[in-house]
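So the chains spell out like this:
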Amino acid sequence: MTTTSAGQRSRTRSITFLVALAVFAQESTWNFYESQVPPLLREHIGSAAVVGVLMGMDNLLGIFVQPWIGNRSDRTRTAWGRRIPYLVVGMPIAAALFVVIPHTAASLPLLIAVMFAYALVANTFKPIAEALVPDFIAPERRSRANAVVKIATSLTAIVAALISIFLVDDHLNIAFAIPAAIMAVSIVVLGVTVRDSRSPAYQQVLAESDAEPADSRAPRVRDTFVEIVRDRDRSRLLLLAAILLFGSAWAASRSLITPYGMEALDMSRGDAGGLTLPSGVAFILAAYPAALFAERYGRLRAMAAGMSVFAAAMLLGTFLQTPMGATVALCVAAAGASSFLVNAVVVLWNLAPSARVFGTYAGMYTVSWASGGFLGPALVGGMVDINGWSLMLIDIAAIALLAIIVIARMGTLRRRSALALVK
């Protein structure tokens, strides 16, 4: 191995770790927010529906903010790069707002105002850290880098649970301060060590800009989306549809599992709520091998295989309708789902026509996934109203099957395009 290649691998590992650190810090606050802000709202609001609407505010904001800010970062040019300035400004503000949340709990209007401010600021940099992966890392190595990022994301659920167990009851203010402190430390490390103006993608963008006419305009979000819709090659549009569909199946398998355990498996609320914990470990263990499999055998093939495992696990859980059977099924499903979650955004990045739109594409991925997270539980909930709780896992498998069909169609189109180029 040459010194140059060894240096490249070292830089790849370094930027992967730093991006994972930034994402870990962001998701630590989000996970804790999702678990501990609802009880603060419940002190003022009796309706679970109203609490749910307020807690869904961040997803609604994200649908509008994230593609725009991703595109905004694509068009930014500074000596520090195009991503780091947004992180250096946004993450400390979000950390400060997060610390304030429990101090506003006595006043509902003030609590909602701070929630809105935190959700708005945090959404402005949520897709930007992940966009550093394609900025720095070559296409063939992006799956394993994204696997590390996804592992970091999964670990935040464990961190949030530990903080809740040891601190929330007696030291609520300190409990909120810890994720904020993690975010503050991570941005100091990132700000000191990373200059994305030195990234290969940034240099490519500068070269493309120099070669264009002076009056040319960088693509906006609308321009990018219209180009995807009008493209005769439907690959990117199909991929966004698959992300939405599988995001629906995945979200339903997580958010509805507690009532499923109570209604179909006759479990207590607490026991049913713990059904997904082992599957989180299964996801962490499977993520990196899924990336290696994808790099060797193809990402679309790995995604289809992973979704097939997910759907098969849902069927298994239906036939083994016991708490242990559900736990095993969810572990197998999470391992299969890791292949999709690790590779889907990488495929989208690799289909981008230019490094100029990596941030925009990251935002589009997040919007598709979040839209699935919004629609999936509602859709599966409606199917449960018709079919009953005992068939919920089959309902989820049916949505996953639609995603598999979409990816299979996309694979067919990609193979045809490759054959056409050869001819």
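Residues numbered from 1 in each chain as written. Predicted model: local features only at pLDDT ≥ 70, side-chain atom pairs only at ≥ 80, totals over all residues. Heavy atoms only, no water.

- An unreviewed UniProt entry lists the chain under the name MFS transporter, with Streptomyces osmaniensis given as the organism.
- For the chain, the Subcellular location (unreviewed entry) comment in UniProt is given as "Cell membrane". (UniProt positions renumbered as here; feature names shortened; annotations may be inferred.)

A short note on the overall build of the chain
Okay, so step 1: Along the backbone of the chain there are 17 helices and zero strands.
Okay, so step 2: Computed over C-alpha atoms, the radius of gyration of the chain comes to 22 Å, within 12% of the 22 Å expected from 2.2 N^0.38 for 423 residues, which places it in the range of a compact globule.
Okay, so step 3: Within the chain, the fraction of its 423 residues that count as buried is 50%.
Okay, so step 4: For the chain, restricting intrachain contacts to residue pairs at least 6 apart in sequence, the fraction spanning at least 24 positions comes to 83%.
Okay, so step 5: Surface accessibility of the chain: about 18,900 Å² in total, with carbon and sulfur atoms responsible for 66%. (Helix = DSSP H or I, 4+ residues; strand = E, 2+ residues; numbered from the N terminus. Rg over C-alpha atoms; globule rule 2.2 N^0.38 Å. Buried < 20%, exposed > 50% of the residue type's maximum accessible area, 1.4 Å probe, protein only. Contact = heavy atoms within 4.5 Å. Areas by Shrake-Rupley, 256 points an atom, 1.4 Å probe, with all protein chains shown as cover.)

Looking at the packing of helix 5 (residues 108–136) against helix 6 (residues 142–168)
Okay, so step 1: Taken N-terminus to C-terminus, the directions of helix 5 and helix 6 make an angle of 155 degrees; their axes are 10 Å apart at the nearest point. With respect to helix 6, the axis of helix 5 lies roughly antiparallel. Of the two elements, helix 5 crosses helix 6, and the hand of that crossing is right-handed. Residues Glu130, Val133 and Pro134 of helix 5 touch helix 6, and the partners they reach there are Arg142, Ala145 and Val149. (Axes fitted to C-alpha atoms, helices over the stretch in contact; angles between N-to-C directions. Parallel < 35°, antiparallel > 145°, perpendicular 65-115°, else oblique. Left-handed = near helix turned anticlockwise from the far one by under 90°.)

A word on the pattern of salt bridges
Okay, so step 1: Applying the stated criterion to the full structure yields seven salt bridges.
Okay, so step 2: The shortest N-O distance in the salt bridge between aspartate 135 and arginine 83 comes to 2.7 Å. Residue aspartate 135 is located in helix 5, and its partner arginine 83 is located in the loop between helix 3 (57–74) and helix 4 (84–100); the two are separated by 52 residues in the primary sequence. Here the two residues aspartate 135 and arginine 83 agree in accessibility, since each one is buried.
Okay, so step 3: In this structure, the salt-bridge partner of glutamate 227 is arginine 236, at a minimum N-O distance of 2.8 Å.
Okay, so step 4: Exposure remark for glutamate 227: the relative accessible area of 36% places this residue in the partly exposed category.
Okay, so step 5: The exposure class assigned to arginine 236 is buried, which follows from its relative accessible area of 6%. (Salt bridge = Lys/Arg side-chain N within 4 Å of Asp/Glu carboxyl O.)

Observations regarding the packing of helix 10 (residues 235–255) against helix 14 (residues 299–319)
A pair of packed helices is captured by two measures, namely the crossing angle of their axes and the spacing between those axes.
Okay, so step 1: Interaxial distance between helix 10 and helix 14 falls to 12 Å at its minimum, and their mutual angle equals 25 degrees. On the basis of their axis angle, the class for helix 10 and helix 14 is roughly parallel. Read as a crossing pair, helix 10 and helix 14 show a hand that is left-handed. On helix 14, the residues touching Leu239, Phe246, Ala249, Trp250 and Ser253 of helix 10 are Met303, Met307 and Phe310.
Okay, so step 2: Here the contact of helix 10 with helix 14 is composed, by residue class, of seven nonpolar, one polar and no charged. (Nonpolar A, V, L, I, M, F, W, Y, C, P; charged D, E, K, R; others polar.)

Some points on the nonpolar core
Looking at soluble globular proteins, one finds that nonpolar side chains tend to be buried together.
Okay, so step 1: With 128 residues, the main nonpolar core has Leu87, Phe246 and Phe310 as its most contacted residues.
Okay, so step 2: In this structure, phenylalanine 246 is in contact with Met307, Phe310, Ala337, Phe340, Leu341, Trp369, Ala400 and Ala403, ignoring residues within four places of it in sequence. (Core = buried A, V, L, I, M, F, W, Y, C linked by side-chain atoms within 4.5 Å.)

Thoughts on a nonpolar patch on the surface
Okay, so step 1: Judged by side-chain polarity, Val309, Leu315, Leu316, Phe319, Leu320, Met324, Val328, Val332, Leu391 and Ile394 come together as a nonpolar surface patch covering roughly 840 Å² of accessible area.
Okay, so step 2: Taking relative accessible area as the criterion, valine 328 reaches 38% and is therefore assigned partly exposed. (Patch = residues over 30% accessible without salt bridge, like charges linked within 9 Å, V, L, I, M, F, W, Y side chains within 5 Å.)

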